Amino acid sequence: MDGNGRWAKKRHLPRAMGHQRGAEAVRKLVRALPGSGLDVLTLYAFSSENWKRPEDEVDDLMALMKRFLKSDLKDLIANGIRLKIIGDYKALSPDLVEQLDQALAHTAQGRAGTLAVALNYGSQQEIARAAAAAAAEGAVTVEAIERHLDTADLPPLDLLIRTSGEIRLSNFLLWQAAYAEMWFTDVLWPDFTPAHLEDALASFAGRERRYGGR
Ligand code: IPE
Ligand code: MG
């Protein structure tokens, strides 16, 4: 979800406003999730590298997360959305961890779709953790690593979308992206709507996936 800062800058608004509008884009997408044909939507909300940002921006992002959980948890439950967190979220502030754990527990029965949120997430760190866990069991195989990734209970990644014109993965789902289709768009995240998601899905539907075969 990239481009919140540029969205705000273009309008001479504070960055925090861009993040807030980004959260509103999330809300609309999550509401559209049950009818979208997607089983899982994974959002990169805060990377393990985002700690490098100024403290007040990090605080804004954490506060926004708390507000979102407060305002939208009922909606998630009502719409049958299961929440999942990937990344080292236990290292976040204790009150946010508690709020997240409660949201996980309250949405665990959701069957209309999974909203996975990457929080304090770095893909290289995830792979290293999974490899260490596999090694501790005895054999570092592809299957053993996959069993220990944060995404172990999710289906394979089909489509990876990056907004705001950047053409890179930035430590997101590197392992899982092995055979994912990619969709890059110049749309800034606060402007990204369910209709943009439909465009990406339409492109995805037209692609021939060979997984190295022919
Ligand atoms: C993405 O928007 C939001 C998060 C990283 C949480 P940015 O803040 O990276 O927006 P730009 O890249 O400055 O436009
Ligand atoms: Mg950015």
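Residues numbered from 1 in each chain as written. Chains lettered and ligands numbered in written order. Predicted model: local features only at pLDDT ≥ 70, side-chain atom pairs only at ≥ 80, totals over all residues. Heavy atoms only, no water.

Caption draft 1: Main features of the site of ligand 1. Close contacts around ligand 1 come from 13 residues, with Met1, Gly5, Arg6, Arg15 and Arg53 the closest. Between ligand 1 and aspartate 2 there is a distance of 2.9 Å, counted from an oxygen atom to a side-chain nitrogen or oxygen. Within the side chain of arginine 53, one N or O atom sits 2.7 Å away from an oxygen atom of ligand 1. A total of 380 Å² of accessible area belongs to ligand 1 in isolation, and the protein chains cover 86% of it. Contributions of two or more residues to the shell around ligand 1 are made by helix H1 (4-10), helix H2 (15-32) and helix H3 (55-78). Taken together, the residues of the shell around ligand 1 break down into three nonpolar, five polar and five charged. (Near = heavy atom within 4 Å. Polar contact = N/O pair within 3.5 Å; in protein donor to acceptor, adjacent residues only side chain to side chain. Areas by Shrake-Rupley, 256 points an atom, 1.4 Å probe, with all protein chains shown as cover. Helix = DSSP H or I, 4+ residues; strand = E, 2+ residues; numbered from the N terminus. Nonpolar A, V, L, I, M, F, W, Y, C, P; charged D, E, K, R; others polar.)

Caption draft 2: Structural context of a negative patch on the surface. A cluster of acidic residues, Glu55, Asp56, Asp59 and Asp60, forms a negative patch at the surface. By the element assignment, aspartate 56 lies in helix H3. The exposure class assigned to aspartate 56 is exposed, which follows from its relative accessible area of 53%. (Patch = residues over 30% accessible without salt bridge, like charges linked within 9 Å, V, L, I, M, F, W, Y side chains within 5 Å. Salt bridge = Lys/Arg side-chain N within 4 Å of Asp/Glu carboxyl O. Lys, Arg positive; Asp, Glu negative; His and termini not counted. Charge placed at Lys NZ, Arg CZ, Asp CG, Glu CD. Buried < 20%, exposed > 50% of the residue type's maximum accessible area, 1.4 Å probe, protein only.)

Caption draft 3: Layout of unusual backbone geometry. Positive phi, close to 55°, is recorded for histidine 12, a residue that is not glycine. A positive phi angle is found at tyrosine 211, which is not glycine, with a value near 50°. In this structure, tyrosine 211 sits in the segment after helix H7 (194-205).

Caption draft 4: Summary view of the side chain of aspartate 72. Within the fold, aspartate 72 resides in helix H3. With a relative accessible area of 5%, aspartate 72 lands in the buried category. Look past the residues within four positions of aspartate 72 in its chain and what remains in contact with it is Arg27 and Arg31. (Contact = heavy atoms within 4.5 Å.)

Caption draft 5: Up close: the sheet that holds strand S1 (residues 40-47). The parallel open sheet is built from three strands, whose spatial order is S1-S3-S2. Here the strands that pair on one side only, and so sit at the sheet edges, are S1 and strand S2 (81-86). When strand polarity is set aside, the average angle formed by the axes of neighbouring strands in this sheet is 20°. Bridge analysis of S2 against strand S3 (residues 113-121) gives six bridges, and the strand direction is parallel. Of the residues in S3, the one forming a bridge with isoleucine 85 is valine 117. (Pairing = 2+ DSSP bridges. Axes fitted to C-alpha atoms, helices over the stretch in contact; angles between N-to-C directions.)

Caption draft 6: Molecular detail of the nonpolar core. Counting residues in hydrophobic clusters, the biggest one holds 37 residues, and the most contacted among them are Leu83, Ile85, Tyr89, Leu92, Leu100, Leu115 and Leu119. Elements with a contribution of two residues or more to this core: H2, S1, H3, S2, helix H4 (94-107), S3 and H7. It is H3 that provides the largest number of residues to this core, a total of eight residues. Once you skip the residues sitting within four places of it in the chain, leucine 119 turns out to touch Ala45, Phe46, Met65, Ile85, Ile86, Gly87, Asp88, Tyr89, Leu92 and Leu100. Of all hydrophobic cores here, the second largest spans nine residues; its members include Tyr121, Leu160, Leu173 and Ala180. (Core = buried A, V, L, I, M, F, W, Y, C linked by side-chain atoms within 4.5 Å.)

Caption draft 7: The arrangement of the packing of aromatic side chains in detail. With the rule as written, the count across this model stands at six aromatic pairs. The interplanar angle of 15° and the centroid separation of 5.2 Å between the aromatic rings of tryptophan 189 and phenylalanine 192 together place this pair among those described as stacked. For tryptophan 189, a relative accessible area of 5% corresponds to the buried category. Taking relative accessible area as the criterion, phenylalanine 192 reaches 4% and is therefore assigned buried. Joined through ring pairs, the aromatic side chains of Tyr44, Tyr121 and Phe172 make up one cluster. (Phe/Tyr/Trp six-rings, centres within 6.5 Å; stacked < 30°, edge-to-face > 60°.)

Structural measurements only, silent on function.
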